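# Coordinates in review
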Amino acid sequence: MAYDDQNVFAKILRGEISCNKVYEDAWALAFQDIAPQAPTHILVIPKGPYVSMDDFSANASDEEIAGFFRAIGTVARDAGAVPGGYRMLANHGRDAHQEVQHFHMHVFAGRDLGGMIRHSRN
Ligand code: AMP
């Protein structure tokens, strides 16, 4: 899938839509999810135009990948999520219900996050 630069996170990166920013560096931007599913629900996005984990892992440079993952760790640490624990989650594609076509990592924390995945069927 080609990257669509009209997706909502591209607009946030360009400053065309506001966000509640919690962290930014050369590689990543992190902001509060607009519909939080946990007391802490932060989205971390790479600054480059990658559709999903598949695109990012195949096409991003080693520097971009390292910078992005370090940013996620920093965001979780700064949110105070390390002692209690946190979950990272990235959706790719239809079966995972990816809604926004710019790669993003969810960071959830602040409560017992339950089992790893909800099984509707096997
Ligand atoms: P996903 O299903 O992994 O693509 O998740 C997309 C996430 O983006 C959802 O959790 C939405 O609540 C969140 N979201 C959509 N639009 C915005 C926005 N303008 N600001 C912050 N979060 C957003």
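Look up: the structure comes first, before these words.
Analysis parameters
- Residues numbered from 1 in each chain as written.
- Predicted model: local features only at pLDDT ≥ 70, side-chain atom pairs only at ≥ 80, totals over all residues.
- Heavy atoms only, no water.
- Pairing = 2+ DSSP bridges.
- Helix = DSSP H or I, 4+ residues; strand = E, 2+ residues; numbered from the N terminus.
- Axes fitted to C-alpha atoms, helices over the stretch in contact; angles between N-to-C directions.
- Contact = heavy atoms within 4.5 Å.
- Buried < 20%, exposed > 50% of the residue type's maximum accessible area, 1.4 Å probe, protein only.
- Near = heavy atom within 4 Å.
- Polar contact = N/O pair within 3.5 Å; in protein donor to acceptor, adjacent residues only side chain to side chain.
- Areas by Shrake-Rupley, 256 points an atom, 1.4 Å probe, with all protein chains shown as cover.
- Expected span 1.5 Å × (residues − 1).

### A few points about the sheet that holds strand β2 (residues 28-32)
Here 5 strands make up an open sheet; going across it, the order is β1-β2-β3-β5-β4 and the pairing antiparallel. Edge strands, defined here as strands with exactly one partner in the open sheet, are β1 (21-24) and β4 (86-89). Mean inter-strand twist for the sheet, computed between neighbouring axes without regard to direction, equals 20 degrees. Where β2 meets strand β3 (residues 40-46), 5 bridges bridge the pair, whose relative direction is antiparallel. Opposite Ala-30, over in β3, you have Val-44 as the bridge partner. Sheet strands in contact with helix α3 (residues 62-78) are β1, β2, β3, β4 and β5 (105-109), and its direction is about 160 degrees off that of β3.

### Concerning the pairing of β5
Of all the 5 residues making up β5, 5 are buried; the element is thus mostly covered by neighbouring parts of the structure. Here β5 shows a buried face lined by Met-105, Val-107 and Ala-109 and a second buried face lined by His-106 and Phe-108. Bridge count between β3 and β5: 5 bridges; the pairing is antiparallel. In the sheet register, Val-44 faces β5, and the bridge partner there is Met-105.

### A closer look at the site of the ligand
In the vicinity of the ligand, 16 residues are found, and the nearest of them are Asp-33, Asn-91, Glu-99, His-104 and His-106. A distance of 2.7 Å separates an oxygen atom of the ligand from a polar backbone atom of Glu-99. Between the ligand and His-104 there is a distance of 2.8 Å, counted from an oxygen atom to a side-chain nitrogen or oxygen. About the coverage of the ligand: the protein hides 86% of its 510 Å² of free accessible area.

### Brief notes about the environment of Val-22
In this structure, Val-22 sits in strand β1. Each C-alpha atom, one on Val-22 and one on Asp-112, is 22 Å from the other, the two residues being 90 residues apart in sequence. Apart from residues lying up to four places away in sequence, Val-22 is in contact with Ala-30, Phe-31, Gln-32 and Ile-42.

### Notes on α3
A rise of 1.5 Å per residue sets the reference length of α3, with its 17 residues, at 24 Å; its end C-alpha atoms lie 24 Å apart and thus fit the reference within 8%. Among all positions of α3, only Glu-64, Gly-67, Phe-68, Ala-71, Ile-72, Gly-73, Thr-74, Val-75 and Ala-76 are buried. For α3, the secondary structure elements touched by its buried residues are β1, β2, β3, α2 (53-59), β4 and β5.

Keep in mind these numbers describe shape, not what the thing actually does.
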